[in-house]
Amino acid sequence: MADPIGEILGDYRAFAAQQHDRLLARGIDIAPYSLSHLAFRVPEWEQYVHVRTLLERHAVANRENVWNGRPISLIVPAEPLEVLDGKAVPLIELIPPVHQRVYKMGWEHLGVVVGVTFDAFVDANKPVLTGQQFQGPNSTPDPVYILMEDFTHVKFYRLSLRESVELDAGIAFGTGFHHVDGWVPQALVTATGPSPLPR
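Since we're looking at a predicted model, the values are computed, not measured.

Below, the discussion takes up the overall build of the protein chain. From N to C terminus, the protein chain includes five helices and 14 strands. With 199 residues in all, the protein chain has 45% of them scored as buried. Here the contacts in the protein chain between residues at least 6 apart in sequence split such that 66% fall between residues at least 24 apart.

Moving on, we get to the pairing of strand E1 (residues 34-41). The side chains of a regular strand alternate, first on one face of the sheet and then on the other. Summarising burial for E1: seven of the eight residues are buried, a large majority. Pairing geometry for E1 and strand E8 (residues 106-113), over seven bridges, is antiparallel. By the bridge assignment for E8, Ser34 is matched with Val113. Alignment of E1 against strand E7 (residues 92-95), held across four bridges, turns out to be parallel. Paired with Arg41 across the two strands is Ile95, which belongs to E7.

Let us look at the nonpolar core. Ile30 and Phe156 are the most contacted members of the largest nonpolar core, which totals 37 residues. Leave out the neighbours within four places in its chain, and Phe156 touches Leu23, Ile28, Ile30, Val112, Val114, Phe118, Phe121, Leu129, Pro143, Val144 and Ile146. If you look at the next biggest cluster of nonpolar residues, it comprises nine residues, including Ile72, Leu74, Leu91 and Ile95.

For the structure on display, the rule yields nine salt bridges. One salt bridge in this structure joins Arg22 and Asp150, with 3.1 Å as the shortest N-O distance. Pair noted here: Arg22 is in helix H2 (residues 12-25) and Asp150 is in the loop between strand E10 (144-147) and strand E11 (153-157), with a separation of 128 residues, a long-range link.

Ring pairs (aromatic) are described by centroid distance and by the angle formed between their planes. Taken as a whole, this structure holds five aromatic pairs when the rule is applied. Here the aromatic rings of Phe40 and Trp107 are separated by 5.2 Å at their centres, their planes lie at 85°, and the arrangement is edge-to-face. Of the two residues, Phe40 is situated in strand E1 and Trp107 in strand E8; the sequence distance between them amounts to 67 residues. Between Trp45 and Tyr48, the ring centres sit 5.0 Å apart and the planes meet at 35°, which makes this aromatic pair tilted.

Let us look at the environment of Tyr145. Looking at the element boundaries, Tyr145 is found in strand E10. The sequence separation of Tyr145 and Tyr157 amounts to 12 residues, and the corresponding C-alpha distance is 9.0 Å.

Our next topic: helix H5 (residues 161-169). Among the residues of H5, Leu161, Ser164 and Glu166 are the ones counted as buried. For H5, the secondary structure elements touched by its buried residues are E1, strand E4 (70-77) and E7. A positive phi of about 75° marks Gly170, the residue just after H5.

Within helix H4 (residues 118-125), burial applies to Phe118, Phe121, Val122 and Asn125. In a view along the axis of H4, the buried residues occupy a sector of 100°, so they form one face of it. Turned more than 90 degrees off the buried face of H4, the exposed positions are Asp123 and Ala124. Looking at the packing, one finds that the buried side of H4 touches E10 and E11.

Cut-offs and rules
Residues numbered from 1 in each chain as written. Predicted model: local features only at pLDDT ≥ 70, side-chain atom pairs only at ≥ 80, totals over all residues. Heavy atoms only, no water. Helix = DSSP H or I, 4+ residues; strand = E, 2+ residues; numbered from the N terminus. Buried < 20%, exposed > 50% of the residue type's maximum accessible area, 1.4 Å probe, protein only. Contact = heavy atoms within 4.5 Å. Pairing = 2+ DSSP bridges. Core = buried A, V, L, I, M, F, W, Y, C linked by side-chain atoms within 4.5 Å. Salt bridge = Lys/Arg side-chain N within 4 Å of Asp/Glu carboxyl O. Phe/Tyr/Trp six-rings, centres within 6.5 Å; stacked < 30°, edge-to-face > 60°. Arc of directions from axis to C-beta.

So this is what it looks like as structure tokens:
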């Protein structure tokens, strides 16, 4: 069976299975929860635009918006991805540079929707949680996460990423492709001087 998303981005099933197994080793079973999204990071702006174009050929919507100083794509595949023996992944988050800290490029995090038990989940799992990602005044609430040894993550949400964005914007994704117009990629300035990104 054709798997265009896997051909473009690589084995998302193996990535989800890896994160699932790592969670089990930490005492967290995500079997009761739905999935929000999978996130994929790219190192250069030109690669981001190229991958975005490829993914949109197999999608019904992209709601690109500016977050942390650069556009991020929220892509709705024409058919949800399937991982972990039947769990649907309804959204792909495609993230370009500039990255805010050290992250693994490629498949980088799995988003899990905990739902109304979010607060109890956080209290029960504080010993293995790495931190909380503060996402602004309208976050519902800010997700918590676990940082893995290879700089990948699993993030846990009360609402899915799509639901949170739609709630904040006051409008549903719908269909079609929305891009940030006229974007000029940032330059990265280091102690040794400016290093334009992308190259």
